[in-house]
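An overview of the molecular structure
Given next are the chains, with one letter for each unit.
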Amino acid sequence: MINDCCLILIIILFPPLGVFLMKGCGADILINLCLTILGYLPGHLHAFYIMIRERERSQHVAEHYSTPNQPVTYGTTTSGSAPPSYPQNTSGYAPPQPPPKTN
């Protein structure tokens, strides 16, 4: 990832390049390119907005993965309910059962 100081310098010189380095080729760069063509200041505002939003998103992801994992319980719990990965059927619909085998 590019350093924030370098990114700020790139955004000041040419805002669409900064957005491209942060987000790649997508809708954000097209929006920023149009805003820069319409006026240099709107392009800057949008580029800095994207930079702040990306920083907040990366901090949120880092916080999410830095929390300790909860212990995983396999099988039935003490209350006898199904484990969370296998939700119980509460809709009242039971899947069809195969016919009994006759000998």
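The structure reproduced in this document is the subject of the present report. (Residues numbered from 1 in each chain as written. Predicted model: local features only at pLDDT ≥ 70, side-chain atom pairs only at ≥ 80, totals over all residues. Heavy atoms only, no water.)

For the structure shown, the criterion picks out 5 salt bridges. Between aspartate 4 and arginine 55 there is a salt bridge, with its nearest N and O atoms 2.9 Å apart. Here arginine 55 lies in helix α4 (residues 40-66) and aspartate 4 lies in helix α1 (residues 4-13), a separation of 51 residues in the sequence. For arginine 55, a relative accessible area of 36% corresponds to the partly exposed category. (Salt bridge = Lys/Arg side-chain N within 4 Å of Asp/Glu carboxyl O. Helix = DSSP H or I, 4+ residues; strand = E, 2+ residues; numbered from the N terminus. Buried < 20%, exposed > 50% of the residue type's maximum accessible area, 1.4 Å probe, protein only.)

A few words now on a nonpolar patch on the surface. Taken together, the side chains of Ile8, Leu9, Ile12, Leu13, Phe14, Leu17, Phe20, Leu21, Leu33 and Ile37 define a hydrophobic patch exposed on the protein surface, amounting to about 930 Å² of accessible area. Elements supplying a minimum of two residues to the nonpolar patch: α1, α2 (15-23) and α3 (27-38). Ranked by residues supplied to the nonpolar patch, first place goes to α1 with 4 residues. (Patch = residues over 30% accessible without salt bridge, like charges linked within 9 Å, V, L, I, M, F, W, Y side chains within 5 Å. Areas by Shrake-Rupley, 256 points an atom, 1.4 Å probe, with all protein chains shown as cover.)

The next point concerns α3. Spanning 12 residues, α3 covers 17 Å between terminal C-alpha atoms, matching the ideal 16 Å at 1.5 Å per step. All of the buried residues in α3 are Asp28, Ile29, Asn32 and Thr36. An end-on view of α3 places all buried positions within 95° of arc, on one side of the element. Relative to its buried face, α3 has exposed residues pointing more than 90 degrees away, namely Ala27, Leu30, Ile37 and Leu38. (Expected span 1.5 Å × (residues − 1). Arc of directions from axis to C-beta.)

This part covers the state of the cysteines. A complete count under the given rule lists 0 disulfides for this structure. Cysteine cysteine 5 shares no disulfide, and the gap to the nearest cysteine sulfur, in cysteine 6, comes to 6.9 Å. (Disulfide = S-S within 2.5 Å.)

All right, on to α2 then. Residues of α2 that are buried include every one of Pro15, Pro16, Gly18, Val19 and Met22, and no others. The arc that holds the buried residues of α2, viewed along the axis, is 160°, so those residues lie on one side. Once α2 ends, the next one or two residues include glycine 24, with phi positive near 80°.

Another aspect to go through is the packing of α2 against α3. Following both chains from N to C, one finds α2 and α3 inclined at 170°, their axes separated by 9 Å at the closest point. Comparing the axis directions of α2 and α3 gives the class roughly antiparallel. Packed against α2, whose contacting residues are Pro15, Pro16, Val19, Phe20 and Lys23, the element α3 presents Asp28, Ile29, Asn32, Leu33 and Thr36 at the interface. Tallied by class, the residues present in the contact of α2 with α3 amount to 6 nonpolar, 2 polar and 2 charged. (Axes fitted to C-alpha atoms, helices over the stretch in contact; angles between N-to-C directions. Parallel < 35°, antiparallel > 145°, perpendicular 65-115°, else oblique. Contact = heavy atoms within 4.5 Å. Nonpolar A, V, L, I, M, F, W, Y, C, P; charged D, E, K, R; others polar.)

Further remarks concern the side chain of threonine 36. In this fold, threonine 36 is placed in helix α3. If near-sequence neighbours (up to four positions away) are discounted, threonine 36 is found in contact with Pro15, Pro16 and Gly43.

With that out of the way, let us pick up the environment of lysine 23. Turning to its location among the elements, lysine 23 is positioned in helix α2. With a relative accessible area of 34%, lysine 23 lands in the partly exposed category. A sequence separation of 28 residues divides lysine 23 from methionine 51, and the C-alpha atoms of the two residues are 9.3 Å apart. Leaving out residues up to four positions away in the same chain, lysine 23 has contacts with Asp28, Ile50, Arg53 and Glu54.

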